[in-house]
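# Examining the three-dimensional arrangement
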Amino acid sequence: MAVSAPHRPRSAPTLPADRRLFRTVPRRGPRRLDSAGPIAYLLLAAVTAASVFPLYWSFVVASHDDNSVLAGTTPPLVPGGHLIENIQRVFELSAFWQALGNSFLVAGTTAVSNVLLSSLAGFAFAKLRFRGRGALLVCVVVTVMVPTQLGVIPLYILVTDLGMYGRLSALIVPALVSAVGVFWMRQAVEENIPDELVEAARMDGAGLLRTYWHVVVPGVRTTATVLGMFTFMFAWNDYFWPLIALPPENGTVQIALNQLAAGYFTDYTLMLAGVVVSALPVLVAFTVLARRIVSGVMAGAVKG
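Small disclaimer: the values here were computed from a predicted structure and weren't measured.

Thresholds applied
- Residues numbered from 1 in each chain as written.
- Predicted model: local features only at pLDDT ≥ 70, side-chain atom pairs only at ≥ 80, totals over all residues.
- Heavy atoms only, no water.
- Salt bridge = Lys/Arg side-chain N within 4 Å of Asp/Glu carboxyl O.
- Helix = DSSP H or I, 4+ residues; strand = E, 2+ residues; numbered from the N terminus.
- Buried < 20%, exposed > 50% of the residue type's maximum accessible area, 1.4 Å probe, protein only.
- Axes fitted to C-alpha atoms, helices over the stretch in contact; angles between N-to-C directions.
- Parallel < 35°, antiparallel > 145°, perpendicular 65-115°, else oblique.
- Left-handed = near helix turned anticlockwise from the far one by under 90°.
- Contact = heavy atoms within 4.5 Å.
- Nonpolar A, V, L, I, M, F, W, Y, C, P; charged D, E, K, R; others polar.
- pLDDT = per-residue confidence, 0-100.
- Phe/Tyr/Trp six-rings, centres within 6.5 Å; stacked < 30°, edge-to-face > 60°.
- Expected span 1.5 Å × (residues − 1).
- Bend = angle between axes of the 7 residues up to and from the residue.
- Patch = residues over 30% accessible without salt bridge, like charges linked within 9 Å, V, L, I, M, F, W, Y side chains within 5 Å.
- Areas by Shrake-Rupley, 256 points an atom, 1.4 Å probe, with all protein chains shown as cover.

Our next topic: the pattern of salt bridges. Within the structure shown, the criterion is met by two salt bridges. Close ionic contact of Asp267 with Arg89 constitutes a salt bridge, the shortest N to O distance being 2.4 Å. On the criterion of sequence distance, the pair formed by Asp267 in the loop between α13 (253-261) and α14 (268-288) and Arg89 in helix α3 (residues 83-93) is long-range, its members being 178 residues apart. Under the relative-accessibility criterion, Arg89 is labelled partly exposed at 23%. Among the salt bridges present, the one from Lys127 reaches Asp195, with a minimum N-O distance of 2.6 Å.

A separate point is the packing of α13 against α14. A pair of packed helices is characterised by two quantities: the angle between their axes and the separation of those axes. Where α13 meets α14, the closest approach of the two axes is 9 Å, and the angle between their N-to-C directions is 170°. Compared by their axis directions, α13 and α14 come out roughly antiparallel. In the packing of α13 onto α14, the handedness of the crossing is left-handed. Here Val253, Leu257, Leu260 and Ala261 of α13 lie close against α14, whose contacting residues are Leu270, Met271, Gly274, Val275 and Ser278. Among the residues forming the contact of α13 with α14, the class breakdown is seven nonpolar, two polar and no charged.

Take the confidence of the model for the protein chain next. A residue-level look at the protein chain finds 83% of positions with pLDDT of 70 or above and a mean pLDDT of 83. Predicted confidence for residues 17-23 stays below pLDDT 50, and this span has three contacts to residues more than four positions away or in other chains.

We now examine the packing of aromatic side chains. Under the definition given, this model contains 10 aromatic pairs. Through a chain of ring-to-ring contacts, three or more aromatic side chains come together here, namely Phe91, Phe96 and Trp97.

Note that an α-helix has 3.6 residues per turn; residues three or four places apart therefore point the same way. Taking 1.5 Å of rise per residue, the 25 residues of helix α1 (residues 38-62) would be expected to cover 36 Å, and the 35 Å separating its terminal C-alpha atoms lies within 8% of that figure. Where α1 bends most, at Phe53, the angle is about 35°, and the proline Pro54 comes one to four residues later. Turning to α1, its buried residues are Ser58, Val60, Val61 and Ala62.

A few words on a nonpolar patch on the surface. On the surface, a nonpolar cluster with roughly 550 Å² of combined accessible area is contributed by Val52, Phe53, Tyr56, Phe59, Leu77 and Val78. Note that Val52 resides in helix α1.

Running from N to C, helix α4 (residues 96-127) and helix α11 (residues 221-237) point in directions that differ by 145°, and their axes come no closer than 8 Å. Handedness of the crossing formed by α4 with α11: right-handed. Packed against α4, whose contacting residues are Leu100, Ser103, Phe104, Ala107, Gly108, Thr110, Ala111, Asn114, Val115 and Ser118, the element α11 presents Ala224, Leu227, Gly228, Thr231, Phe232, Ala235 and Trp236 at the interface. In terms of residue class, the contact of α4 with α11 is built from 10 nonpolar, seven polar and no charged.

For Thr225, the position within the fold is in helix α11. The residues touching Thr225, leaving out its near neighbours within four places in the chain, are Leu289 and Arg292.

Attention now moves to the environment of Leu283. Summarising the element assignment, Leu283 is placed in helix α14. Its relative accessible area of 39% is what places Leu283 among the partly exposed residues. Considered as a pair, Leu283 and Met233 are 50 residues apart in the sequence and their alpha carbons are 9.7 Å apart.

Printed below as a string of structure tokens:
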């Protein structure tokens, strides 16, 4: 009886390189995102022009006299030669110097206090372990969702009972710290300060305040600068609460601008000259801190 040879599996036929069904495609490198085409530049130019035009228009109107602004059907688009004269009229017809000083005091104080107190609270929420930490953080976040207008009447009653009505303390004390600032600095400390660095500082004998000053502050300096700039800007541009808490003769810049616009006849050149003067401090501060502000805003956007 013949024994059959063991069955051997037939190997798949090999195809030539040009007839293979699946070809190896060379892997390309990552696509560069820093190159922009002409459409992107056109869009950026359009957005920039739309953002800058209101300020430019204010400057143009402030540099003309009222007759040239209201006389023709076509508004002027080129600056005139009456800017200095209109700015002098702003300071002569209103207590604008006092308003500028009040705004600087309120905005500067609230910016510094928000950076200091918010970073301290953020350090505590991020790195310290204590009972009720989660519940307190939830309460802080919930207060962000409450509209500011709902607390105006209780705040007005409280300020009046404490004898702060009509004083700058009525603007400063309620804004010494904000829930947004606390949550923002808590996230910054959590992301930028490792737990090992805090533990190493405490093992070296540093207390909480020393750890905060020498470890936390250098790590969140950029984010704190952004918080201070935004707080300064919001306090400088605030109109609603200063209108309620301060009399017109002791108001801020926004109250002084409202007085310039009041009356039966609105002098647009005078009003917009005041707008240009009031916008200069914020523009100068933003220009000086522009690089740090941009890096602080983008700090949490890129990882790795």
